[in-house]
Amino acid sequence: MRYAILIISWAGYFFFHSWLASTLVKDFFAKKLKSKLHYYRLSYNILSTVGLFGLLILNGSISSPAFFEGVVFARYISLMLATFGVFVIKAAFREYKLSSFLGLKEEQNGFSTSGILNKVRHPIYSGTILIAVGFFLFNPNLPTLVSMLCIFCYLIIGIQLEENKLIQQFGDTYLAYKKRVPMLIPHLFKK
């Protein structure tokens, strides 16, 4: 029963996360808030963060034996993956202008392909995958596996929703970018 609650909680979180990020909802709040849409973005980020911490607490409250114990190597790998994931996300924030992304300033509506965005289209999702795998290797039990799989399932949906929105917003420019730049994993040996 606790696993069903965990899965339903992740599904609800991701549903509201995507719904609140939709153009329909943003346009509604843009009319209500006039030119202060960054307040909506700030509220959205606060709700997302609080919800994520709640889910991690729920995940941690479900006791379960570890799939493997005492593997120090797995702990080191987990910390390296999570750290690298944080660095990837940090590099993405440099391109997205962190203050706009968080809602502290008005959002910039330009289309950028510089920095890490020239290597992968969705670096925040790439970093999230690394952090999720690192989280699982650090705490290798069934609740963490369920949470990681929920995150991976949502990323497939979230990327499609985001790409549809970007195609609608930037048209052929984004389609050309999509053909040139990989989704999550950079071309390692391409010049």
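All of these numbers come straight from a predicted model, not from anything done at the bench. (Residues numbered from 1 in each chain as written. Predicted model: local features only at pLDDT ≥ 70, side-chain atom pairs only at ≥ 80, totals over all residues. Heavy atoms only, no water.)

A few words on the overall build of the protein. For the protein, the count of helices and strands is 8 helices and 0 strands. Sequence-ordered secondary structure for the protein, helices as α and strands as β, is α-α-α-α-α-α-α-α. Counting every position in the protein, which comprises 191 residues, the buried fraction comes to 32%. Across the protein, contacts joining residues at least 24 apart in sequence account for 78% of those joining residues at least 6 apart. In the form shown here, the protein has an accessible surface area of approximately 12000 Å², with 71% of it arising from carbon and sulfur atoms. (Helix = DSSP H or I, 4+ residues; strand = E, 2+ residues; numbered from the N terminus. Buried < 20%, exposed > 50% of the residue type's maximum accessible area, 1.4 Å probe, protein only. Contact = heavy atoms within 4.5 Å. Areas by Shrake-Rupley, 256 points an atom, 1.4 Å probe, with all protein chains shown as cover.)

All right, on to the nonpolar core then. Leu-6, Trp-10, Tyr-13, Phe-14 and Ile-151 are the most contacted members of the largest nonpolar core, which totals 17 residues. Listed by contribution, the elements that provide at least two residues to this core are helix 1 (2-21), helix 6 (123-138) and helix 7 (142-170). Ranked by the residues each element gives to this core, the list is headed by helix 7, at 7 residues. Excluding residues within four positions of it along the chain, Phe-14 makes contact with Cys-150, Ile-151 and Tyr-154. Core analysis: the second largest hydrophobic core is formed by 7 residues, Ala-91, Ala-92, Ile-116 and Ile-124 among them. (Core = buried A, V, L, I, M, F, W, Y, C linked by side-chain atoms within 4.5 Å.)

Running from N to C, helix 4 (residues 72-96) and helix 6 cross one another at 160°; their axes reach a closest spacing of 7 Å. Between helix 4 and helix 6, the angle falls in the class roughly antiparallel. When you trace helix 4 past helix 6, the crossing you get is left-handed. Residues that form the contact of helix 4 with helix 6 fall into these classes: 19 nonpolar, 6 polar and 1 charged. (Axes fitted to C-alpha atoms, helices over the stretch in contact; angles between N-to-C directions. Parallel < 35°, antiparallel > 145°, perpendicular 65-115°, else oblique. Left-handed = near helix turned anticlockwise from the far one by under 90°. Nonpolar A, V, L, I, M, F, W, Y, C, P; charged D, E, K, R; others polar.)

Residue position: His-122 is located in the loop between helix 5 (98-102) and helix 6. His-122 sits in the buried class, given a relative accessible area of 2%. Setting aside its immediate chain neighbours within four residues, His-122 contacts Ile-159, Glu-162, Glu-163, Tyr-174, Met-183 and Leu-184.

A few words on a nonpolar patch on the surface. On the surface, Phe-15, Phe-16 and Trp-19 cluster together into a nonpolar patch covering about 360 Å² of accessible area. Looking at the element boundaries, Phe-15 is found in helix 1. (Patch = residues over 30% accessible without salt bridge, like charges linked within 9 Å, V, L, I, M, F, W, Y side chains within 5 Å. Salt bridge = Lys/Arg side-chain N within 4 Å of Asp/Glu carboxyl O.)

Turning our eyes to something else, we now look at the packing of aromatic side chains. Geometrically, a pair of aromatic rings is defined through the distance of the ring centres and the angle of the planes. Overall, the coordinates contain 8 aromatic pairs when judged by the stated rule. Here Phe-67 and Phe-136 contribute two aromatic rings whose centre-to-centre distance is 6.1 Å and whose plane-to-plane angle is 50°, an arrangement assigned as tilted. Of the two residues, Phe-67 is situated in the loop between helix 3 (37-61) and helix 4 and Phe-136 in helix 6; the sequence distance between them amounts to 69 residues. Classification of Phe-67 by relative accessible area gives partly exposed; the value is 47%. Judged by its relative accessible area of 13%, Phe-136 is buried. Members of the aromatic cluster, joined through ring pairs, are Trp-10, Tyr-13, Phe-14 and Tyr-154. One residue, Arg-75, lies across the ring of Phe-138, its end atom 4.1 Å from the ring centre. (Phe/Tyr/Trp six-rings, centres within 6.5 Å; stacked < 30°, edge-to-face > 60°. Lys NZ or Arg CZ within 6 Å of the ring centre and 35° of its normal.)

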